[in-house]
Amino acid sequence: MDMARSEEQQMIIDTVRKFIREEVRPLEADIDPDGSEVSPEDTERLRQMVKDMGMWQMSVPEQYGGPGIDLVTRTMVAEELTQHKAGLYAPAFGAFGEAPPAHLYDATDEQKEKYLYPAIREEKRHFFGLSEPSGGSDPARAIRTRAVRDGDSWVINGGKLWNSGADTADFGIIYVRTDPTKGRQGITAFIVDTDTPGFKVNRLIQVMRVYHTTELSFTDMRVPHSAILGEEGGGFALANDYLARNRIPYAAECLGIAQYAHELAVEWSKQRVTFGEPLASRQSIQWMLVDNEIDLRTSRWIALDAAAKAERGEPFRFESSMAKLLCTEAASRVIDRSMQIYGGLGMSKDMPFERWYREIRIRRIGEGTSEIQRVVMARDLLNVRSGS
Amino acid sequence: MRIRKEWKPWDPSVDFKKVPGTMGVYEIADEQHACIYIGYAGGTSPHGLRGELYRIFGMPPGSETWNWSHPQPDGIAPELRQRARYYRLEENSNAYSRWVECLTRYREDYDDVPELNHDARAPRVPYLGRYHWKSEGI
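Residues numbered from 1 in each chain as written. Chains lettered and ligands numbered in written order. Predicted model: local features only at pLDDT ≥ 70, side-chain atom pairs only at ≥ 80, totals over all residues. Heavy atoms only, no water.

Some thoughts on the overall build of chain B
- Each helix and strand counted, chain B has three helices and four strands in total.
- Here the C-alpha atoms of chain B give a radius of gyration of 15 Å, agreeing with the 14 Å that 2.2 N^0.38 yields for 138 residues.
- If you line up chain B on its principal axes, its C-alpha atoms span 50 × 30 × 25 Å.
- Relative to its full complement of 138 residues, chain B shows a buried share of 51%.
- With the model as given, the accessible surface of chain B reaches about 7,400 Å², and the carbon-plus-sulfur share is 49%. (Helix = DSSP H or I, 4+ residues; strand = E, 2+ residues; numbered from the N terminus. Rg over C-alpha atoms; globule rule 2.2 N^0.38 Å. Buried < 20%, exposed > 50% of the residue type's maximum accessible area, 1.4 Å probe, protein only. Areas by Shrake-Rupley, 256 points an atom, 1.4 Å probe, with all protein chains shown as cover.)

Digging into the packing of helix α1 (residues 7-24) of chain A against helix α2 (residues 40-53) of chain A
All names here are of chain A.
- Where α1 contacts α2, the two axes come as close as 12 Å, and the packing angle between them is 165°. With respect to α2, the axis of α1 lies roughly antiparallel. Two packed elements cross with a definite hand, and for α1 against α2 that hand is right-handed. Contacts from Thr15, Phe19, Glu23 and Val24 in α1 reach Arg45, Leu46, Met49, Val50 and Met53 in α2.
- Considering only residue class, the contact of α1 with α2 consists of six nonpolar, one polar and two charged. (Axes fitted to C-alpha atoms, helices over the stretch in contact; angles between N-to-C directions. Parallel < 35°, antiparallel > 145°, perpendicular 65-115°, else oblique. Left-handed = near helix turned anticlockwise from the far one by under 90°. Contact = heavy atoms within 4.5 Å. Nonpolar A, V, L, I, M, F, W, Y, C, P; charged D, E, K, R; others polar.)

Re the domain arrangement of chain A
Residue and element names in this part refer to chain A.
- By domain assignment, chain A separates into domain 1 (7-104), domain 2 (126-229) and domain 3 (237-385).
- Computed from C-alpha atoms alone, the centre-to-centre distance between domain 2 and domain 3 is 31 Å.
- On the domain 3 side, the residues contacting the nine residues of domain 2 number nine residues.
- If you sort the residues of domain 2 by the area they bury against domain 3, Phe128, Met208 and Arg209 come out on top, with a joint share of 54%.
- Joining domain 2 to domain 3, the criterion identifies zero salt bridges.
- For the pair domain 2 and domain 3, the interface holds one residue pair in polar contact (both at pLDDT 80 or more).
- Its residues assigned to classes, the side of domain 2 that touches domain 3 shows seven nonpolar, one polar and one charged. (Domains from an automatic or database assignment. Buried area = accessible area lost by both parts, 1.4 Å probe. Salt bridge = Lys/Arg side-chain N within 4 Å of Asp/Glu carboxyl O. Polar contact = N/O pair within 3.5 Å; in protein donor to acceptor, adjacent residues only side chain to side chain.)

What about the packing of helix α6 (residues 235-271) of chain A against helix α9 (residues 353-363) of chain A?
Residue and element names in this part refer to chain A.
- Running from N to C, α6 and α9 cross one another at 155°; their axes reach a closest spacing of 11 Å. By the angle between their axes, α6 is roughly antiparallel relative to α9. Note that α6 runs across α9; the crossing there is left-handed. Counted together, Tyr250, Glu253, Cys254, Ile257, Tyr260, Ala261 and Leu264 of α6 and Phe353, Trp356, Ile360, Ile362 and Arg363 of α9 form the full contact between these two elements.
- The residue makeup of the contact of α6 with α9, split by class, is ten nonpolar, no polar and two charged.

Considering the interface of chain A and chain B
- Tallying the contact residues gives 27 residues for chain A and 23 residues for chain B.
- For the pair chain A and chain B, the summed buried area comes to about 1,800 Å², and 46% of that belongs to carbon and sulfur atoms.
- On the chain A side of the interface with chain B, the three residues burying the most area are Asp32(A), Gln206(A) and Val210(A), jointly 31% of the side's total.
- Applying the counting criterion to the chain A and chain B interface returns one salt bridge.

Comments concerning the nonpolar core
- Membership of the largest hydrophobic core comes to 64 residues, with the highest contact counts inside it found for Phe19(A), Met55(A) and Phe96(A).
- Of all the secondary structure elements, the ones that give two or more residues to this core are α1, α2, α3 (71-81), α6, α7 (283-312), α8 (317-342) and α9 of chain A.
- In terms of residue count, α6(A) provides more of this core than any other element does, twelve residues in total.
- In terms of domain composition, this core takes at least three residues from each of domain 1 (7-104) and domain 3 (237-385) of chain A.
- If we ignore the near neighbours within four places in the chain, the residues touching Phe19(A) are Val24(A), Leu46(A), Met49(A), Val50(A), Met53(A), Ala92(A), Ala95(A) and Phe96(A).
- Residues Phe127(A), Met221(A), Phe57(B) and Leu116(B) belong to the second largest nonpolar core, which totals 41 residues. (Core = buried A, V, L, I, M, F, W, Y, C linked by side-chain atoms within 4.5 Å.)

Topic: α1(A)
- With 18 residues, α1(A) extends 25 Å between its outermost C-alpha atoms, agreeing within 8% with the 26 Å of an ideal straight helix rising 1.5 Å per residue.
- In the core, the buried residues of α1(A) are packed alongside α2 and α3 of chain A. (Expected span 1.5 Å × (residues − 1).)

Take a look at the structure:
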């Protein structure tokens, strides 16, 4: 299998790398220790540069006005985009634009007019509402938010938890039980406007990085039948597909900050002298750096393999779970070792490690915990081996 | 170190949804741009910095009402709500310790904490002792 970059991919990577190092990193000296935004003027300047590069909203297909860059290349780019202090959760400070949820490309024409096109133009923001207080890892059983048909509309009651961005979104895709007798086939996806009467942001839940998720409640929230995304009862399959696809770039992003941490650690180990010798001369440090390199290279291959399978239209759920598991855990180890090599400086806010250390920990839980990824893989593995 | 930002007025130019809902510290100034209060939004703040500023200022003039559970101004001194005109903030996961640091820095510069931080819930603000120095431009 040839995993070498094509000439075009190499050109894209070089362009993005230069952009991150020369345009994005210098701006970080002036932001808050945990800040994720630069000034509106800098944001606009960066965005214009990205548009001039032809990389604005990379995942948007050409037929919708985007560059339609393939998933393998986007996976490579995702690793480059996060290589700065705020990079994991604010890659390039949003300069590459936010893409709409992929399911909207298969929405009805009416839904595309109302949500997809405004989302592409960044006039409307969205959120994804799956998890509930009763759980998130087992949506087929945990979803208790209920929609009841009433003529040509549905009345929704219940709530959602851990929804990123719901407090500022214009609409959300929520997964609701429409038939309590049908298990996973009884779940339906609805597109709901956040100004619908009955929709309420109860509170923001602060987490270990400077960010918040939301707790939402729906009280007699009435939405039209036309708000259903896809088929009635088809919500579980939609959510599964969304999660599997999202895991690949999610995994690759982790490698970006890990790669940057590793590069910093390599440089530091050559500069820092203890007991008359540079750290790099100590075998204990050399082994940590080599372990970093092994973690980075192996997990990068797994992420690219998952992306390649998805791009070829082959089953990729196992591979995307493996990529998510390996990349998040490998990146955690790399950041931990790099911080250790830096010693006292590593835990200060003068350096990015303490921020990355907190942020990368979230990645082993978000988008499905490491344990859930193993459950997903075990299901596929055992089904195959049992000949089913 | 103080919050290194310009004062911003709480007026129709404020895009309420863009005020961070995260943890962090904030300073409030009166009409004369004098800092009168330093506060923080910690881990249990129901709407983060956005909610804390709402409790002091209310919705920015001209802003629409919104589907959220509006936090009540319990515990906010009426005088603070009356005199507050400007704000500046800093997103910070170490909200409490950064709050104490900002109060400490302010007292080093002005020999006292901001006037509306004199209440029973004020933290024990440490003295810097032999490390005492004042910020530039004070």
